[in-house]
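Structural features, examined
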Amino acid sequence: MQSLNGSWRFRLSPALRAAPDDGWQTRAVDDWDAIDVPAHWNLQGFGAPAYSNVQMPFPVDPPHPPDANPIGDYRLDFDAPADVVAHPRQLLRFDGIESAAEVWLNGALLGTTRGSRLTHEFDVTDVLVPTANRLAVRVAQFSDATYIENQDMWWLPGIFRDVALLARPAAAVDDVQLVADFDPATGEGTLSVRVRATGAARVLVPELGIDAPADERIPAGEVEPWTAETPRLYDVVVRTADETVSMRAGFRRVEVRDAQLLVNGAPIMLRGVNRHEHHPERGRVFDAADARADLLLMKRHHINAVRTSHYPPHPDTLDLFDELGFWVIDECDLESHGFEHVGWSGNPSADPRWRDAYLDRMRRTVHRDKNHPSVIMWSLGNEAHEGANLEAMSRWVKGFDPTRLVHYEGDRGSRYVDVYSRMYASHAEVREIGQETVDALPYDADADTVRRASLPFLQCEFAHAMGTGPGGLEEYWDLFERYPRIAGGFVWEWVEQAIAVTGDDGVRRLRYGGDFGEAVHDGNYVIDGLVSADREPRPGLLHYAAVIAPVRIDVAGDRTGVRIENRWDFLRLEGQVALTWERRVDGRVLASGELAVPACGPRLRAEVALPHEARVSIEAAVADVVTVTAVGVGAQPWADAGHVLGAGQSVVHAVAVAPAPSADASSARPACEIDAVTGELTRIGSLPLRGPSVGLWRAPTDNDLDVADDELDLPPVATRWRDIGMDRMVPRLQQLSPESGGTRVRVRTGAPITGLAVDADLLWTPVGERAVRLDAVFDPVGRWPHAWARLGLDLVIEAAPAGVRMAGLGPMPSYPDMRAAARFGWYDLGPADLVVDDVFPQESGSRRGVVDATVLTARGGLRVRTLSEPFALTVSPFSRAAIAAARHGWELEADGRTHVSVDLAQSGVGTATCGPGILPRHRLTARPLSISLLLEQVDADAAEEPDEPA
Ligand code: GAL
């Protein structure tokens with residue numbers, strides 16, 4: 001094989017009719033520009049990218065592309081290596097061209113291409129010459145095929161995957177279909193190797209002592225099966241007289257039994273993500289190191305399944321899935337979602353004229369990837385509605401490859417699929433679906449219902465990871481684990497598809513739909529991943545990892561023992577994990593040690609006793625915390641030994657001791673000063689600040705800005721908040737009077753237009769010269785029709801933030817419905833850890849369960865301790881109004897102040913951008929709340945050293 005990747009010549013025309021017919025296939029093209037292959041031309045300075053989701057970027061007028069259809073002409077002059085030419089046949093292979101091309105070699109038209117994310121091969125035996133070959137490819141950005149390639153992603157045309165020349169010998173192996181079955185009853189494997197070759201072929205598996213003729217059933221004896229947890233591969237060689245093909249076999253059996261998804265006889269749980277190929281500079285162009293890094297990052301976060309949304313990825317990705325261990329739904333390159341806007345009229349899925357195109361795509365997907373054990377299901381495509389062409393695809397797959405299951409979410413009746421798949425089904429509906437196989441079916445159930453009830457259920461998309469979120473993952477997972485029928489799900493989606501543009505000023509800015517002047521676009525709906533485009537984990541990924549962690553640990557409240565749950569489907573705990581425990585009192589480690597790992601098989605639980613030192617009572621000032629952690633004992637390709645596989649805690653908060661008020665408050669400079677006009681503080685000690693004001697609002701998250709699937713009759717919560725003026729509340733001082741050595745301030749904070757308000761009763765009592773105690777009581781006024789985003793005390797310190805030291809839940813941000821990973825600890829957050837650098841700015845960065853925190857600024861620190869309940873703390877260099885007004889992260893400018901919110905309570909975040917909104921139990925309905933705090937000015941360096949850096 002010889003790669004033809006590299007620098008080619010390129011010319012762009014604005015339309016097919018404008019593309020010159022000037023002998024470009026063979027003439028000298030030194031006047032053309034240079035372009036990289038593989039690449040997307042609109043990320044190489046030719047035109048601009050465009051993003052749209054469901055809407056087609058041009059009129060729905062099938063099968064016609066628009067006149068304004070960018071045409072890229074490519075040319076490469078090359079010499080064929082002598083040993084390639086010496087072979088009897090040669091092939092030219094393209095791994096991906098978006099969207100359609102005609103391919104010429106030495107003035108001869110080889111053919112045309114369709115199927116952007118599929119392989120195309122041309123036999124060039126009669127056309128190739130030893131030297132000075134002229135390869136010419138004319139690529140149209142849009143074509144008839146665009147109607148069935150309308151996935152939610154950027155429009156990125158060009159030769160974007162590898163190009164290669166293949167030499168083929170006389171006795172060639174033209175195709176191999178390798179089926180490696182595993183019988184869980186006997187532990188034995190069987191190989192069936194169908195070979196299309198010129199002449200006889202043999203199959204060799206040296207490790208198993210196999211050397212047998214192809215096309216026969218080959219018993220392999222006892223083998224170690226392949227699973228995503230134990231990705232055991234055996235080297236297989238298929239050989240003819242002239243050619244040796246090296247492959248890797250994974251022995252496994254995929255089945256559906258009793259509405260359960262089984263592999264090797266055992267039920268599996270898909271802890272999945274949807275993965276698009278995306279790089280902020282390169283788009284969908286593959287890079288082996290990046291792809292591996294992506295999958296390793298997934299493995300580190302306990303993700304064990306990938307849906308290749310919504311097309312087959314670069315072929316080498318499949319090797320990585322096999323090697324690292326992932327359950328894969330390999331999806332055909334097919335989506336006709338644009339027809340939704342015309343009521344699905346003319347949808348190709350139901351039009352016989354498109355049947356061959358549909359079957360062609362499916363066959364090419366299956367043929368390309370059929371030998372990968374990681375692939376357990378073939379997906380017909382995404383959001384192509386219904387129709388006979390999809391059924392025909394399914395029929396073909398079932399006939400060709402009965403060893404895997406057929407998936408398609410759009411088959412609403414589950415008539416031609418093997419799994420019941422849905423996207424964004426609510427918690428309530430997931431419960432119903434789970435229950436369906438528990439309850440007896442009604443007597444009058446029709447055949448479709450009966451068949452559906454025999455299928456396992458999965459969510460091919462759920463929990464839309466857009467912006468701050470997704471909320472509600474734990475509740476989903478509880479249901480997934482409760483019902484045997486449920487085989488898990490795939491979070492939408494792995495990576496934010498931002499495109500980075502470095503301006504003339506040298507600044508790199510992340511952009512989304514509409515930023516390139518598109519006439520039709522879907523804004524930032526493409527920024528919805530668990531990791532940023534630069535692969536920084538978003539908080540949602542950290543919480544997802546905790547929700548799906550392979551080891552669940554519950555520390556008993558009395559600290560006598562620990563309940564350990566093995567959530568793997570195949571691995572045992574012993575031999576895989578080590579258990580450590582640690583007791584920390586007020587940040588200092590008092591005792592720690594190892595616990596014996598109990599014998600515990602997959603999906604089972606065990607109890608382990610804790611040593612005496614974990615329980616003896618000790619006086620803590622802040623908190624007494626026992627943490628039990630399960631770590632991996634062996635190094636893995638994705639992590640060193642010691643990688644955390646699960647953790648649990650018991651936290652005992654100290655009973656806060658209220659400090660005595662100043663003995664003689666009048667003699668010294670008072671610890672705080674209160675503005676007689678507003679009732680706000682103007683300083684604590686010598687730290688200048690303003691506040692607190694009462695805050696009910698947050699800068700809307702993407703989820704707050706969208707209509708929730710479970711509240712389709714209501715506007716988005718952000719609109720509801722705005723409609724009642726929650727973002728513009730104004731204070732009215734009701735009372736300011738001295739009281740028992742302090743000052744009582746009563747403020748009513750009301751929403752304009754309405755009579756809605758919150759009354760705050762704040763009693764300030766100085767404690768020494770630099771501290772003040774606050775006893776605050778809040779009462780809602782009026783009938784609040786909507787939940788509050790939060791109830792908080794908002795302070796603005798007149799100095800830029802420098803970080804936070806805190807004792808509380810962290811180190812990552814968390815919200816009431818997005819919190820699984822947050823553990824109690826003593827954390828040191830740097831300025832960059834305070835808020836998330838969202839592409840689309842929104843509320844972020846809240847830390848919950850805080851009992852003691854020092855907000856560090858350029859002018860010293862403000863320590864906030866609770867004397868009653870823990871609070872949630874948000875510290876930001878930006879005001880909420882500035883965040884809500886900005887459309888891109890890079891538009892936000894710090895105002896030199898530190899914006900601090902001490903929230904008594906908050907609403908969750910939900911996943912309304914796709915799916916349910918904030919679950920009722922996580923909504924902060926208007927209610928009376930109170931808190932007592934100690935606020936104190938501290939020197940920035942005087943704050944206690946934390947033990948756990950964030
Ligand atoms: C789904 C679709 C995905 C993506 C998601 C929203 O309906 O399958 O491709 O568009 O919604 O981000």
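Residues numbered from 1 in each chain as written. Predicted model: local features only at pLDDT ≥ 70, side-chain atom pairs only at ≥ 80, totals over all residues. Heavy atoms only, no water.

Within an unreviewed UniProt entry, the label attached to the protein chain reads Beta-galactosidase, and the organism entered is Microbacterium marinilacus. The heading Sequence similarities (unreviewed entry) in the UniProt record of the protein chain holds the text "Belongs to the glycosyl hydrolase 2 family." Under the UniProt heading Catalytic activity (unreviewed entry), the entry covering the protein chain gives this text: "Hydrolysis of terminal non-reducing beta-D-galactose residues in beta-D-galactosides." (UniProt positions renumbered as here; feature names shortened; annotations may be inferred.)

Topic: the layout of surface pockets
A probe matching the size of a water molecule, rolled over the atoms, marks out where space remains unfilled. Here the largest pocket is characterised by a volume of approximately 1700 Å³. What lines the largest pocket is a set of 46 residues, and nearest its centre among them are Arg93, Glu121, Leu166, Asp174 and Arg368. Residue classes in the lining of the largest pocket are distributed as 13 nonpolar, 13 polar and 20 charged. Approximately 1400 Å³ is the volume found for the second largest pocket. Here the residues of the lining of the second largest pocket sort into 24 nonpolar, 14 polar and 12 charged. (1 Å grid on protein atoms, 1.4 Å probe; cavity = no way out; pocket = protein on both sides within 12 Å on 5 of 7 lines; lining within 4 Å. Points joined across faces, edges and corners; volume = space filled by probe spheres on them. Nonpolar A, V, L, I, M, F, W, Y, C, P; charged D, E, K, R; others polar.)

Focus on the site of the ligand
Within the structure, the ligand sits among 13 residues, and Asp152, His310, Glu383, Glu461 and His464 are positioned closest to it. Within the side chain of His310, a nitrogen or oxygen atom sits 2.6 Å from an oxygen atom of the ligand. A distance of 2.9 Å is found between an oxygen atom of the ligand and a side-chain nitrogen or oxygen belonging to Asn382. In the shell around the ligand, the residues fall into five nonpolar, four polar and four charged. (Near = heavy atom within 4 Å. Polar contact = N/O pair within 3.5 Å; in protein donor to acceptor, adjacent residues only side chain to side chain.)

So, the pattern of salt bridges
Any two side chains of opposite charge can pair, on the condition that their charged atoms come close. Using the criterion set out here, one finds 81 salt bridges in the structure. With a shortest N-O distance of 2.8 Å, Glu429 and Arg422 are connected by a salt bridge. A relative accessible area of 26% means that Glu429 is categorised as partly exposed. Here Arg605 makes a salt bridge to Glu565, at a shortest N to O gap of 3.6 Å. Separated by 40 residues along the polypeptide, Arg605 in strand S39 (residues 605-609) and Glu565 in strand S36 (residues 561-566) bring together distant segments of the chain. (Salt bridge = Lys/Arg side-chain N within 4 Å of Asp/Glu carboxyl O. Buried < 20%, exposed > 50% of the residue type's maximum accessible area, 1.4 Å probe, protein only. Helix = DSSP H or I, 4+ residues; strand = E, 2+ residues; numbered from the N terminus.)

What to know about the side chain of Asp624
Along the chain, Asp624 turns up in strand S40 (residues 623-632). Its relative accessible area of 5% is what places Asp624 among the buried residues.

Comments concerning the sheet that holds strand S23 (residues 260-263)
The strand order across the open sheet formed by three strands is S22-S23-S24, and the pairing between neighbours is antiparallel. Strands with a single pairing partner mark the edges of an open sheet, and in this sheet they are strand S22 (254-257) and strand S24 (266-267). (Pairing = 2+ DSSP bridges.)

Comments concerning the packing of aromatic side chains
Taken as a whole and judged by the stated rule, the model has 26 aromatic pairs. Where Trp154 meets Phe516, the ring centres are 5.6 Å apart and the plane angle is 85°; that geometry is what we call edge-to-face. You can see Trp154 sitting in strand S12 (residues 153-155) and its partner Phe516 sitting in the loop between strand S34 (508-511) and helix H9 (539-547), a full 362 residues away along the chain. According to the relative accessible area criterion, Trp154 is buried, its value standing at 1%. Each ring, one from Tyr476 and one from Phe480, has its centre 6.1 Å from the other, and the planes form 40°; the classification is tilted. (Phe/Tyr/Trp six-rings, centres within 6.5 Å; stacked < 30°, edge-to-face > 60°.)

Examining the nonpolar core
In terms of nonpolar packing, the biggest core is built from 72 residues, with Trp494 and Tyr544 touching the most fellow members. Counting residues domain by domain, this core receives three or more from each of domain 1 (2-168) and domain 3 (256-545). Tyr544 has contacts with Arg271, Gly272, Val273, Ile303, Phe462, Leu473, Trp477, Gly489, Val491 and Leu530, leaving out every residue within four places of it along the chain. Membership of the second largest hydrophobic core comes to 53 residues, among which are Leu681, Val717, Ala751 and Val772. (Core = buried A, V, L, I, M, F, W, Y, C linked by side-chain atoms within 4.5 Å. Domains from an automatic or database assignment. Contact = heavy atoms within 4.5 Å.)

What to know about a nonpolar patch on the surface
Taken together, the side chains of Leu590, Val616 and Ile618 present a nonpolar region at the surface, about 220 Å² in accessible area. Tracing the backbone shows Val616 in the loop between S39 and S40. Using a relative accessible area of 33% as the deciding quantity, one classes Val616 as partly exposed. (Patch = residues over 30% accessible without salt bridge, like charges linked within 9 Å, V, L, I, M, F, W, Y side chains within 5 Å. Areas by Shrake-Rupley, 256 points an atom, 1.4 Å probe, with all protein chains shown as cover.)

Let's talk about the domain arrangement of the protein chain
For the protein chain, the assigned domains are domain 1 (2-168), domain 2 (173-252), domain 3 (256-545), domain 4 (549-653) and domain 5 (671-942). Between domain 2 and domain 5, the C-alpha centre-to-centre distance is 62 Å.

Remarks on the pairing of strand S8 (residues 100-105)
The buried count for S8 comes to five of six residues, which makes it a mostly enclosed element. Examined bridge by bridge, S8 and strand S11 (residues 133-140) share six bridges and lie antiparallel to one another. The residue bridging Trp104 from the neighbouring strand is Ala136, located in S11. Hairpin connection of S8 to strand S9 (residues 108-113): two residues between the antiparallel strands, including Asn106 at a positive phi of 50°.

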